[in-house]
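This is what each chain is made of:
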Amino acid sequence: MANLLISGALGKMGKKVYEAAINSSLSPIAGVDIKQDFSNDNFKIYDSFNNVSEKIDVVIDFSSPKNLDNLLNFCLENNVNAVLCTTGYTESDLEKIEKASSKIAIFRSFNMSLGVNVLISAVKHVAKSLYGFDIEIIEKHHNKKVDSPSGTALMLADAVKSELPEKYYVYGREGIVGARDKNEVGIHAIRGGNIVGEHQVVFAGENETLTFTHQATDRGVFAIGAVNAAIYICGKNAGIYNMDNLIKG
Ligand SMILES: NC(=O)c1ccc[n+]([C@@H]2O[C@H](COP(=O)([O-])OP(=O)(O)OC[C@H]3O[C@@H](n4cnc5c(N)ncnc54)[C@H](O)[C@@H]3O)[C@@H](O)[C@H]2O)c1
């Protein structure tokens with residue numbers, strides 16, 4: 001059994017990953033979290049990667065971009081592969097991840113659910129087929145989410161742009177901004193309550209509109225995706241992997 005470390009272990013997702021991992025072929029044996037309100041002999045939570053004493057085979061991270069340097073240093077020093085699920089990385093963070101992936105295997109996706117990743121494929125196809133339709137993306141999340149728009153909304157927008165490179169993104173609209181330009185992709189973020197995550201992609205044409213909606217009703221879907229990704233990258237060669245690799249096997 002591969003030994004799993006959960007980074008951000010005491011967060012909403014970290015706890016779901018633990019539940020998913022104990023029912024998998026992984027053995028969750030340690031966590032790292034700046035919060036320190038739980039630990040037991042079978043699953044020790046450390047306040048820093050520096051204090052981890054167990055032999056770790058793979059890390060799943062749902063924490064914060066602020067944790068990236070510590071996480072990558074730990075993985076590089078110990079030759080441990082990692083699944084990075086945290087969102088809100090800057091361009092410079094993404095460069096660090098890319099650099100680290102020359103030494104270790106890194107699986108990264110802003111959305112670990114199967115449904116969203118199938119939606120991304122569908123959006124690419126529909127964007128080409130419905131050429132000339134106006135495309136807008138609406139995402140809804142709980143009131144604790146710190147980054148906007150969601151990483152998933154950006155993945156969906158990037159899926160459109162990969163097929164229609166002339167498109168550009170407009171984040172929300174306010175005031176007299178003029179009529180909509182045909183190449184805009186409007187991206188809108190709604191925050192409230194405990195919404196786990198909803199994404200809509202609207203294709204609006206003359207007298208007909210197609211709307212695709214993905215709704216996550218339990219964080220468990222992301223946790224199961226992350227655990228499957230961790231099993232997938234155990235023993236893989238250095239490089240960047242994503243949900244496409246996992247879905248295609
Ligand atoms: N890729 C996906 O499918 C997916 C799905 C859900 C959430 N997320 C992302 O995962 C991240 C966590 O989400 P959440 O809902 O569990 O948040 P959360 O706030 O409930 O949990 C984050 C945990 O990380 C810990 N943490 C924060 N900074 C840290 C640091 N520097 N070092 C160690 N621990 C630290 C916090 O104490 C907390 O326990 C967010 O970026 C969120 O957007 C991604």
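Residues numbered from 1 in each chain as written. Predicted model: local features only at pLDDT ≥ 70, side-chain atom pairs only at ≥ 80, totals over all residues.

## What to know about the domain arrangement of the chain
When cut into domains, the chain gives domain 1 (2–112 + 220–248) and domain 2 (114–216). Using C-alpha coordinates to define each centre, domain 1 is positioned 28 Å away from domain 2. Between domain 1 and domain 2, the contact holds eight residues from the first and eleven residues from the second. Of all elements in the fold, only helix H6 (220–233) and helix H7 (243–248) reach the threshold of two or more residues within the side of domain 1 that touches domain 2. Considering only residue class, the side of domain 1 that touches domain 2 consists of four nonpolar, four polar and no charged. (Domains from an automatic or database assignment. Contact = placed C-beta atoms within 7 Å. Helix = DSSP H or I, 4+ residues; strand = E, 2+ residues; numbered from the N terminus. Nonpolar A, V, L, I, M, F, W, Y, C, P; charged D, E, K, R; others polar.)

## Section: the site of the ligand
Near the ligand lie 24 residues; those nearest to it are Gly8, Gly11, Met13, Ser64 and Asn67. Considering every element that reaches the shell around the ligand, the biggest residue donor is helix H1 (residues 12–22), with three residues. Looking at the shell around the ligand, its residues break down into nine nonpolar, eleven polar and four charged. (Near = placed C-beta within 6 Å.)

## Some details on the pairing of strand S10 (residues 197–204)
Here S10 shows a buried face lined by Gly197, His199, Val201 and Phe203 and an unburied face lined by Glu198, Gln200, Val202 and Ala204. Two strands pair when backbone bridges link them, and strand S7 (residues 134–141) and S10 are joined in this way by seven bridges, in the antiparallel orientation. Opposite Ile135, over in S10, you have Phe203 as the bridge partner. When S10 meets strand S11 (residues 209–216), the two strands line up antiparallel, connected through eight bridges. Bridging across to S11, Glu198 finds its partner in Gln215. Hairpin connection of S10 to S11: four residues between the antiparallel strands, including Asn207 at a positive phi of 70 degrees. (Buried ≥ 20, exposed ≤ 12 C-beta atoms within 10 Å, placed from the backbone. Pairing = 2+ DSSP bridges.)

## Notes on the environment of Asn3
Note that Asn3 resides in strand S1 (residues 2–7). Residue Asn3 is classed as partly exposed on the basis of its C-beta count, with 17 C-beta atoms lying within 10 Å. The sequence separation of Asn3 and Ile56 amounts to 53 residues, and the corresponding C-alpha distance is 5.1 Å. The contacts of Asn3, once residues within four sequence positions are left out, are Ser27, Ile29, Glu54, Lys55, Ile56 and Asp57.

## With respect to the nonpolar core
A general trend in soluble globular proteins is that nonpolar side chains are found buried together. Val17, Ile60, Val83, Ala226 and Ala230 are the most contacted members of the largest nonpolar core, which totals 45 residues. Counting residues per element, the ones that place at least two in this core are S1, H1, strand S2 (26–32), strand S4 (58–61), helix H2 (68–78), strand S5 (81–84), strand S6 (105–108) and H6. Phe110, Met155, Ala159 and Val185 belong to the second-largest nonpolar core, a separate cluster that totals 18 residues. (Core = buried A, V, L, I, M, F, W, Y, C linked by C-beta atoms within 7 Å.)

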